[in-house]
Amino acid sequence: MGDTRGGCCPPMDLFRSETMQLVQLIIPMESARLTVYYLGKLGLLQFKDLNSDKSPFQRTYAGQIKKCGEMARTLRFFKEQMLKAGVSPSAKSVEETEIDVDDLEVKLAELEAELTEMNANGEKLQRSYNELVEYKIVLRKAGDFFPSAQHSATARQREMELNQMVEESIETPLLQEQGTSTDLSKQVKLGFVTGLVSRGKSMAFERILFRATRGNVFLEQVPIEAPITDPVSGEKMEKNVFMVFYSGERAKNKILKICDAFGANRYPFAEDCGKQALMISEVSGKISELKSTIDAGLLHRDHLLRTISDQFEQWNLKVKKEKSIHHTLNMLSLDVTKKCLVAEAWSPVFATKQIQDVLQRASVDSNSQVGAIFQVLHTRESPPTYFRTNKFTSAFQEIVDAYGVAKYQEANPGVYTIVTFPFLFAVMFGDWGHGICLLLATLFFIIREKKLSSQKLGDITEMTFGGRYVIMMMSLFSIYTGFIYNECFSVAFDLFAPSAYACRDLSCRDAYSIGLIKVRDTYPFGVDPAWHGTRSELPFLNSLKMKMSILLGVAQMNLGILLSYSNATFFGNSLNIWFQFIPQMIFLNSLFGYLSLLIIVKWCTGSQADLYHIMIYMFLSPTDELGDNQLFPYQKTVQLVLLLLALVSVPWMLLPKPFLLKKRHENRHQGQSYTQVQGTDDALSEAKHDSHGHGHEEFEFSEVFVHQLIHTIEFVLGAVSNTASYLRLWALSLAHSQLSIVFYEKVLLLAWGYNNMVILVVGIIIFIFATVGVLLIMETLSAFLHALRLHWVEFQNKFYEGDGYKFYPFSFILIDDEDY
Amino acid sequence: MYGFEAMTFNIHGGYLEAIVRGHRAGLLTAADYNNLCQCETLDDMKMHLSATEYGPYLQNEPSPLHTTTIVEKCTLKLVDEYKHMLCQATEPLSTFLEYITYGHMIDNVVLIVTGTLHERDVQELLEKCHPLGMFDSIATLAVAQNMRELYRLVLVDTPLAPYFSECITSEDLDDMNIEIMRNTLYKAYLEDFYKFCQKLGGATAEIMSDLLAFEADRRAVNITINSIGTELTRDDRRKLYSNFGLLYPYGHEELAVCEDIDQVRGAMEKYPPYQSIFSKLSYGESQMLDKAFYEEEVKRLCLAFEQQFHYGVFFAYMRLREQEIRNLMWISECVAQNQKSRVHDSVVFIF
């Protein structure tokens, strides 16, 4: 396709995507890995999956991928451990020392084993440490509780005995009597269990204990103030110290089981005070001993992690690269002899030399006896679209790609977007004060570009950062349009010269521009500041901006149609030139091109003609006299001719193309059958080739016709509605300037008028927030979206197909971002 | 109001229905199963599963893998999804979702009680419990000696308490008793669930009653087959059947007196929906019955997704995922034990 281009026009490389070719590589098995590694470094080949029918584990290099997955898992494990220990991976060491993958695998496995062992030991120690800490707490709390409980218990017992002696009546419950009597006789057998239970479960614990023993327990719980670490789970939780008193063996078993079920840790406890003190001191000694052991262990572990962290990023990158290499290798098909791999890949034509060099180098470096074979395949398949962009143009290209990736070698609107997008934005955002604020913000990003691009940013910041050059262009253009509109935070300045107008007398103070007389030359650039604040400011600016919007719109749509011409010549499609481009040009320009002409004539002559009237009556009664609205001689005749041309161009767009296509198809079909009857080998092969080339031989006339009908209707209606759509330029610009006037006058000037420091400060703060929040952020966003729409819909629907697919080369630079 | 769910359903249920339908789209397809069945090792399976929704759950597992790890992780995913849905749900959907787990709760209770009866370690048993059927004091079940204690100590706090009213006896627990308890509980649970769905009304009632009826009938058949040749009397058997479903009440009368599998078959073939299940089996065979029932169930569960604005999708999704996990367990067992010829014996394709 690329070589059949017509020679009539310059190649316009800038807005065509790179010429691509499908290449076949035959790589000997022994140098395959190295070759793919070098190719990945080069990053200019998009491999085709030749094994798509095989599942991942049936492919040649499934084993290696599994290995890489295992290594990646180990690395994730290290990362998690480092995160827990608070060791951050060191900054990327760019220099890449060559480590063998197998060595790396062994090393990683060793390190992992070492680390897990250390963790296990540490955990064991930590566990016993936590247990001891818990034990100590139990000893303390229970130790506090015992004497006091005993004290109160004896007191109560005495009281009870007294009671019994005093009033032994029928009302005394029998059970209680029994209870006390057993208590008295078997006091020695009253056992108890002490331990810790988490506070959340303590209520249920108590309930179950009560139920299980039918209330024959005495439970005492003391909350511990600070949360402590649970030995089993290793998590911090709030706990209660509990003591359960029971009698009997069965109850004991039940209680023990319940304790287990609730994950309550039991600790032995001695009743004797002396023993308690002894135990406490013993436990404290053990704790400090363990503590030092644990600290030493942790230090050792930290050391290990630090050594890992030094090389972590490098290993990570290495593993990722290795995995991607094998993924790529898996896409290659194995030769019948199993000695070489066959790859098919898309590559840009300019890279041929580089690729061949790389192949050469790989075969030399891997001591392979046979070099890799590189050959170009011919195919009818549509190649991927590849634009070479830099950091400035890529954001603009992305704006276009977001709508649709360009068809292979179709005219790329991205080139024009670099200027038209910020410009249309600025028409809606014309205020040089706001423009400067925006410029400062984006300059901050651009100056710190290196630093910011290496770190992760938030979602919104990332987006802004990615579009920093777009925003820079937008702000520069809005400073420019701001000078034209003469607005800075809605205030007009006479920067370029004093205003051309002055008051005739004192009576013109009340903001009427009629009382002004011209005293100097016309204001050299933009709108004269004298308009600002007058009553006729709005009608004047509206008329100016509305007409300007139409001029810009018609210009951009014409550009779009011209691009469709360039596409048609490039792909050698003369039908599209004669029956699409030319009538479209005529239709648009005879109506709206004429309107633009009228606008310019009106501006130049200062005529008072009513353009609405002219346009409307050009359709309604084209033969009527124009009267006052005549702008130039023979205007009526010109209008009649234009109207006729517009009317003619509609069927011109609609009818010939489908019929010509049908005829062309029939011709081709006849020719084919004719040659087949001849039966020569030559003709047969040609016919075969032909039918192969135009795979969609089925020609459905009705379908083509309906398609053309839709296109025609869309264009005719679109010419009107798209032109109207460009009026959004005026509307948003108006909204922006009015909003900023409101904030300026109703907030800042109002606050100023009070002559009060506090009110002034509050007013300034509100003004700043309103300006930043509403005008700089929200208005920017809305103007951005409207500019986007004007490009995607009004501009690109004139020529852009956008049904291509992107060139996605196998490259190590790209794998860095993705995680797989 | 039947037929008018569309007006109000999405106010509370729309988000979750979208979620559950999204989850359903992540179920393994027949192509996935075909690939999985060709795996040589468990690592192959892991590699294949890592491309599915199970990926994040399996990626940090060191090899060599075990079947239990795969099943555990897959279940974990289901549990995570369930918990997420439960967190987002409002009444009555949250109650509906909770009902789904009661079956697992009953199984867990039975598992623990049987385990303790055979002197197994409680912690070990707890690990075997289905995570969906866990409740706070489940470990305490080990303390109980008989049904009455079981109820009074532990289950009175759980949602299962009302189902216990029929089986409180002071008998000591033994295998037979426990099995009867399980079935009585299940019966009460299914009936309660059925009633609840009827109360919800609308499409939910219609679809759920169909699904639950199938479940009840399947249980009835299983109870009959399992009790053939045991000392369970006819009346006792009759008592274990749920009081709804296609077989209720006449089919139950017939099933209650069945003495062998062919009589069961005779009783069941009178019901057209079950005729197709039994017609696949040869006479005297009961091995493949489970699979046949599972296949029929999966078919019905998939149909539940055809209609919108009802809660049946949640039930269906949970069941389908469980079936999928069963499939994965079977496949991975076959792969691990090199019995690949038997892979297709028990796998039920979902799509």
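Residues numbered from 1 in each chain as written. Chains lettered and ligands numbered in written order. Predicted model: local features only at pLDDT ≥ 70, side-chain atom pairs only at ≥ 80, totals over all residues. Heavy atoms only, no water.

In the annotation of an unreviewed UniProt entry, chain B is listed under the name V-type proton ATPase subunit and assigned to Gossypium mustelinum. Per its UniProt entry, chain B bears the Subcellular location (unreviewed entry) comment "Vacuole membrane". (UniProt positions renumbered as here; feature names shortened; annotations may be inferred.)

As annotated in an unreviewed UniProt entry, chain A is V-type proton ATPase subunit a from Gossypium mustelinum. Under Sequence similarities (unreviewed entry), UniProt gives the following word-for-word description of chain A: "Belongs to the V-ATPase 116 kDa subunit family."

Colleague: Kindly report on the overall build of chain A, identifying the contributing residues and their values.
Modeller: Per the secondary structure count, chain A includes 24 helices and 13 strands. Here chain A holds 820 residues, and 41% of them are scored as buried. Restricting to contacts in chain A with at least 6 residues of sequence separation, those with at least 24 account for 80%. When the accessible surface of chain A is summed, it comes to about 45100 Å², and 60% of that surface belongs to carbon and sulfur atoms. (Helix = DSSP H or I, 4+ residues; strand = E, 2+ residues; numbered from the N terminus. Buried < 20%, exposed > 50% of the residue type's maximum accessible area, 1.4 Å probe, protein only. Contact = heavy atoms within 4.5 Å. Areas by Shrake-Rupley, 256 points an atom, 1.4 Å probe, with all protein chains shown as cover.)

Colleague: Help me get a handle on the packing of helix α17 (residues 611–620) of chain A against helix α18 (residues 635–654) of chain A, residues and values and all.
Modeller: Residue and element names in this part refer to chain A. Direction vectors running N to C along α17 and α18 enclose 60°, while the axes themselves pass 10 Å from each other. Our classification of the angle between α17 and α18 gives oblique. Crossing handedness for the pair α17 and α18: right-handed. Mapping the contact onto sequence places I614, M618 and F619 in α17 and Q635, Q639, L642 and L643 in α18. Residues belonging to the contact of α17 with α18 are distributed by class as follows: 5 nonpolar, 2 polar and no charged. (Axes fitted to C-alpha atoms, helices over the stretch in contact; angles between N-to-C directions. Parallel < 35°, antiparallel > 145°, perpendicular 65-115°, else oblique. Left-handed = near helix turned anticlockwise from the far one by under 90°. Nonpolar A, V, L, I, M, F, W, Y, C, P; charged D, E, K, R; others polar.)

Colleague: Please set out helix α16 (residues 574–605) of chain A residue by residue, giving values where relevant.
Modeller: At N589 of chain A, α16 of chain A shows its largest kink, close to 45°. In the stretch just after α16 of chain A, G606 of chain A is the one whose phi turns positive, near 70°. (Bend = angle between axes of the 7 residues up to and from the residue.)

Colleague: Can you break down the environment of V742 of chain A residue by residue, with the values?
Modeller: Among the structural elements, V742 of chain A can be located in helix α22 (residues 728–753). As for V742 of chain A and S490 of chain A, which are separated by 252 residues in sequence, their C-alpha atoms are 9.0 Å apart.

Colleague: Could you give an account of the interface of chain A and chain B, with specific residues and numbers?
Modeller: Many analyses report the size of an interface as the accessible area lost when the parts associate. Each partner contributes residues to the interface: chain A has 21 residues there, and chain B has 26 residues. Each partner contributes to the roughly 2000 Å² buried at the junction of chain A and chain B, and carbon and sulfur atoms together form 56% of this total. The interface formed by chain A and chain B contains 1 salt bridge. Ionic pairing is found between K66 of chain A and D44 of chain B, a salt bridge with its closest N-O pair at 2.6 Å. Linking chain A with chain B are 3 residue pairs in polar contact (both at pLDDT 80 or more). When residues of the side of chain A that touches chain B are traced back to their parent elements, those giving at least two are α2 (62–85), α5 (199–212) and α6 (249–261) of chain A. It is α2 of chain A that provides the largest number of residues to the side of chain A that touches chain B, a total of 6 residues. (Buried area = accessible area lost by both parts, 1.4 Å probe. Salt bridge = Lys/Arg side-chain N within 4 Å of Asp/Glu carboxyl O. Polar contact = N/O pair within 3.5 Å; in protein donor to acceptor, adjacent residues only side chain to side chain.)

Colleague: Explain the pattern of salt bridges residue by residue, including any values.
Modeller: Here the structure, examined in full by the defined rule, presents 41 salt bridges over all chains. Where D401 of chain A meets K806 of chain A, a salt bridge forms, and the shortest distance between an N and an O atom there is 3.4 Å. Note that D401 of chain A is positioned in helix α9 (residues 393–403) and K806 of chain A in the loop between α23 (757–795) and α24 (812–815), a separation of 405 residues in sequence. Residue class for D401 of chain A comes out buried when judged on its relative accessible area of 14%. Accessibility expressed as a relative area gives 46% for K806 of chain A, which makes it partly exposed. Across the pair E81 of chain B and K77 of chain B runs a salt bridge, and its minimum N-O distance is 2.4 Å. In this pair, E81 of chain B and K77 of chain B both sit in helix α6 (residues 67–88), 4 residues apart, roughly one turn of the helix. When salt bridges that share partners are traced, they join E53, K77, E81, R321 and E324 of chain B into one network.

Colleague: Now, about the nonpolar core: what can you tell me, with residues and values included?
Modeller: Counting 114 residues, the largest nonpolar core has F96, F193 and F314 of chain B as its most contacted members. Apart from the residues within four sequence positions on either side, F96 of chain B is in contact with F193, F196, C197, L200, T204, M208, Y311, G312, F314 and F315 of chain B. In terms of nonpolar packing, the next biggest core, distinct from the first, is built from 63 residues, L424, V470, I614 and L642 of chain A among them. (Core = buried A, V, L, I, M, F, W, Y, C linked by side-chain atoms within 4.5 Å.)

Colleague: I'd love a proper account of the domain arrangement of chain A, names of residues and values included.
Modeller: Domain boundaries assigned for chain A yield domain 1 (14–50 + 332–384 + 805–815), domain 2 (113–165 + 189–287) and domain 3 (392–502 + 517–668 + 701–798). On a C-alpha basis, the centroid separation for the pair domain 2 of chain A and domain 3 of chain A is 79 Å. (Domains from an automatic or database assignment.)

Colleague: Kindly report on the UniProt feature "transmembrane region" (unreviewed entry) in chain A, identifying the contributing residues and their values.
Modeller: Residues and elements named next belong to chain A. Under the local residue numbering, the UniProt record ascribes the feature "transmembrane region" (unreviewed entry) to residues 423–447, 468–485, 548–565, 577–601, 637–655 and 758–778. Between the C-alpha atoms that bound residues 468–485 the distance is 25 Å, and the span itself is 100% helix and 0% strand. Between the C-alpha atoms that bound residues 637–655 the distance is 28 Å, and the span itself is 95% helix and 0% strand.

Colleague: Tell me about the sheet that holds strand β8 (residues 265–267) of chain A, residues and numbers included.
Modeller: All names here are of chain A. Strand order in the open sheet formed by 4 strands is β4-β7-β3-β8, with antiparallel pairing between adjacent strands. The open sheet terminates on both sides in strands that have one partner only, identified here as β4 (218–223) and β8. Pairwise comparison of adjacent strand axes, ignoring direction, gives a mean angle of 25° for this sheet. Relative to strand β7 (residues 239–247), strand β3 (residues 190–198) is paired through 9 bridges, and the arrangement is antiparallel. By the bridge assignment for β7, G195 is matched with F242. In this fold α5 packs onto β3, β4 and β7, with an angle of close to 150° to the strand it touches most, β3. Those strands touched by α6 are β3, β7 and β8, and its axis lies near 165° from that of β7. (Pairing = 2+ DSSP bridges.)

Colleague: Residues and numbers for the confidence of the model for chain B, please.
Modeller: Low pLDDT means the predicted atomic positions in that stretch should not be read closely. Counting all residues, the mean pLDDT for chain B is 85, and 96% of those residues have values of 70 or more. On the interface metric, ipTM, the complex scores 0.71, and its pTM is 0.71. (pLDDT = per-residue confidence, 0-100.)

Colleague: Lay out the side chain of H252 of chain B in plain terms, naming residues and giving numbers.
Modeller: Following the sequence through the fold, H252 of chain B ends up in helix α13 (residues 250–256). Here H252 of chain B is in contact with A220, R238, Y241, S242, F244 and L247 of chain B, once residues within four sequence places are set aside.

Colleague: Give a description of the environment of L44 of chain A that names residues and reports values.
Modeller: Residues and elements named next belong to chain A. Position of L44 relative to the elements: it lies in the loop between α1 (32–42) and β2 (46–47). Considering only alpha carbons, one finds L44 and P348, 304 residues apart in sequence, at a separation of 7.2 Å. Ignoring anything within four residues of it in the chain, the contact list for L44 reads L39, W346, S347, P348, F350, A351, Q354, Y386, F807 and P809.

Colleague: Quick one: what's the story with the packing of aromatic side chains, residue by residue and with numbers?
Modeller: Working definition: an aromatic ring pair is given by the centre-to-centre distance plus the angle between the planes. Residue and element names in this part refer to chain B. Applying the stated criterion across every chain, the model contains 53 aromatic pairs over all chains. Between F9 and Y311, the aromatic rings sit 5.7 Å apart at their centres with planes inclined by 50°, giving tilted as the arrangement. Here the residue F9 occupies a position in helix α1 (residues 5–12), and Y311 occupies one in the loop between α16 (289–304) and α17 (312–336), the gap between them amounting to 302 residues. Exposure remark for F9: the relative accessible area of 11% places this residue in the buried category. Residue classification places Y311 among the buried positions, given a relative accessible area of 11%. Directly above the ring of Y54 sits K77, whose terminal nitrogen or CZ lies 5.8 Å from the centroid. (Phe/Tyr/Trp six-rings, centres within 6.5 Å; stacked < 30°, edge-to-face > 60°. Lys NZ or Arg CZ within 6 Å of the ring centre and 35° of its normal.)

Colleague: Got a sec to walk through the state of the cysteines? Specific residues and values, please.
Modeller: Across all of its chains, the model carries 0 disulfides over all chains by this definition. Cysteine C37 of chain B remains unbridged, with the sulfur of C39 of chain B as its closest cysteine sulfur at 8.2 Å. (Disulfide = S-S within 2.5 Å.)

Colleague: Which residues make up unusual backbone geometry, and what values do they have?
Modeller: Peptide bonds are trans in most cases, and residues, glycine excluded, mostly fall at negative phi. A cis amide bond links E91 of chain B with the next residue in sequence, P92 of chain B, at an omega value of -5°. With respect to the element layout, P92 of chain B can be found in the loop between α6 and α7 (93–117). With an omega of -5°, the peptide bond between Y248 of chain B and P249 of chain B qualifies as cis. With respect to the helices and strands, the residue P249 of chain B is situated in the loop between α12 (234–240) and α13. We note that F489 of chain A has phi near 50°; this positive angle belongs to a residue other than glycine. For F489 of chain A, the position within the fold is in the loop between α14 (468–485) and β12 (501–503). Non-glycine residue Y634 of chain A carries a positive phi angle of around 60°.

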